[in-house]
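# Architecture and fold: a report
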Amino acid sequence: MSQVSLSHYMGRLEKVETSRALGKVIQIVGLLVEGSGPGLPVGAVCQVEPLHGGEPVPVEIVGFRDARVLFMPLGQARGISPGSTIRAVSSQATARVGSSMLGRILDGMGQPLDGGGPLDELVTRPLYAEPLNPLSRPIITQVMDVGVRAINGLFTIGKGQRMGIFSGSGVGKSTLLSMMARHTRADVTVVALVGERGREVKEFVERVLGPEGLARSVVVAATSDQPPLVRLRGAFLATTSPSTSATRGWTSSSSWTP
Ligand SMILES: Nc1ncnc2c1ncn2[C@@H]1O[C@H](COP(=O)(O)OP(=O)(O)OP(=O)(O)O)[C@@H](O)[C@H]1O
Ligand SMILES: [Mg+2]
């Protein structure tokens, strides 16, 4: 008599998602949507189905109050009303990244804005990755040429360094960043236009980067007219690495097909 092994089935059972995948909208105040479920962690993505038809609105879980789940929209919240069904999509906020993004212009959710067709061969990474252990960060030793002599000479920047440019309105921040995006010596430049004016995006892509600059760049544009969470996601998406070194503590995401 042959022996039956249940280990394969036990393994599959362990991966089954047992939390509730549905909820209903109870209250909406400003940009905050309160619902009865689903019982997922902060950062999970759901969809709200408008009662009277129309496109589902993507939302993200941002907190909990009493027994209610608090969401913020990742799109236009029009059409959501009390009683609308909330359906789980993904239990963790994820970013899909890869080399096919090169030369493309994406929105804060990672969707192409340039009409250039779908992106392929992307890997899934956690959007909100854990920060690196400070001791595992490499020491900055190499100079990076940003193509602006005044910065190279007086405020020399090193590879791996972060830098902030702060100034009043109209002083030249965007112009300076444009110069650096175009002339920095780097294999790939990732440009996140978060909170910029809508009209500045096309100008940046066509006049500043040009076809040559765009070919070695990835542009993530989450302009000032986008919901706050989409702008936040845009910044995280632009700083997500396709390599696995920055993804400690990450378990593959369970998802529901809406
Ligand atoms: N180095 C410079 N020399 C001369 N003009 C400049 C220089 N840098 C920027 N400008 C001009 O100043 C104006 C404002 O620049 P820019 O849009 O870059 O400012 P900003 O700091 O991004 O403003 P905001 O905070 O409103 O976005 C533009 O017309 C630009 O051409
Ligand atoms: Mg500006």
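Note that the structure is predicted; figures quoted are calculated from it, not measured.

## What to know about the overall build of the protein chain
Helix and strand content of the protein chain: five helices and 13 strands. Viewed in the frame of its principal axes, the protein chain has a C-alpha envelope of about 70 × 55 × 35 Å. Expressed as a percentage of the 258 residues in the protein chain, the buried residues total 24%. Within the protein chain, residue pairs in contact and separated by at least 24 positions form 64% of the contacts whose partners lie at least 6 positions apart.

## Quick look at the nonpolar core
Buried together is how nonpolar side chains tend to be arranged in soluble globular proteins. Ranked by size, the top nonpolar core spans 44 residues in total, and within it Cys46, Val48, Val59, Val219 and Val220 carry the most contacts. Tallying contributions element by element places strand S13 (residues 217-222) first for this core, with five residues. Each of domain 1 (21-90) and domain 2 (95-244) contributes no fewer than three residues to this core. Not counting residues up to four positions away in its chain, the partners in contact with Val219 are Ile105, Val191, Leu193 and Val205.

## Remarks on the site of ligand 1
For ligand 1, the full set of nearby residues is Ser167, Ser169, Gly170, Val171, Gly172, Lys173, Ser174 and Thr175. The residue makeup of the shell around ligand 1, split by class, is one nonpolar, six polar and one charged.

## Thoughts on the sheet that holds strand S3 (residues 45-49)
Taken in spatial order, the six strands close into a barrel running S1-S2-S5-S4-S3-S6, and their pairing is antiparallel. Each strand axis lies, on average, 45° off the axis of its neighbour in the sheet, ignoring direction. Two strands pair when backbone bridges link them, and strand S1 (residues 22-29) and strand S2 (residues 32-35) are joined in this way by four bridges, in the antiparallel orientation. If you follow Gln27 over to S2, its bridge partner there is Glu34.

## Describing the domain arrangement of the protein chain
When the domains of the protein chain are assigned, the result is domain 1 (21-90) and domain 2 (95-244). If you look at the interface, domain 1 gives seven residues, while domain 2 gives five residues. Within the side of domain 1 that touches domain 2, the residues separate by chemical class into four nonpolar, two polar and one charged.

## Re the sheet that holds strand S12 (residues 189-194)
Spatially, the three strands line up as an open sheet ordered S8-S13-S12, and their pairing is parallel. Unpaired on one side and paired on the other, strand S8 (105-107) and S12 mark the two borders of the sheet. Pairwise comparison of adjacent strand axes, ignoring direction, gives a mean angle of 20° for this sheet. In this structure, S12 lies alongside S13, joined through six bridges in parallel fashion. Looking at the pairing, Thr189 lines up with Ser217 of S13.

## Here's the deal with unusual backbone geometry
Comment: phi is negative for the bulk of residues other than glycine, and the bulk of peptide bonds are trans. In this chain, Gly37 is followed by Pro38 through a cis amide linkage whose omega measures 0°. Position of Pro38 among the secondary structure elements: in the loop between S2 and S3. One non-glycine residue, Asp66, lies in the positive phi region at around 50°. Tracing the sequence through the fold places Asp66 in the loop between strand S4 (57-65) and strand S5 (68-73). The exposure class of Asp66 is exposed, given the 5 C-beta atoms found within 10 Å. The phi dihedral of Glu121 falls on the positive side, at around 50°, and the residue is not glycine. In this structure, Glu121 sits in the loop between S8 and strand S9 (123-126).

Basis of the calculations
- Residues numbered from 1 in each chain as written.
- Chains lettered and ligands numbered in written order.
- Predicted model: local features only at pLDDT ≥ 70, side-chain atom pairs only at ≥ 80, totals over all residues.
- Helix = DSSP H or I, 4+ residues; strand = E, 2+ residues; numbered from the N terminus.
- Buried ≥ 20, exposed ≤ 12 C-beta atoms within 10 Å, placed from the backbone.
- Contact = placed C-beta atoms within 7 Å.
- Core = buried A, V, L, I, M, F, W, Y, C linked by C-beta atoms within 7 Å.
- Domains from an automatic or database assignment.
- Near = placed C-beta within 6 Å.
- Nonpolar A, V, L, I, M, F, W, Y, C, P; charged D, E, K, R; others polar.
- Pairing = 2+ DSSP bridges.
- Axes fitted to C-alpha atoms, helices over the stretch in contact; angles between N-to-C directions.

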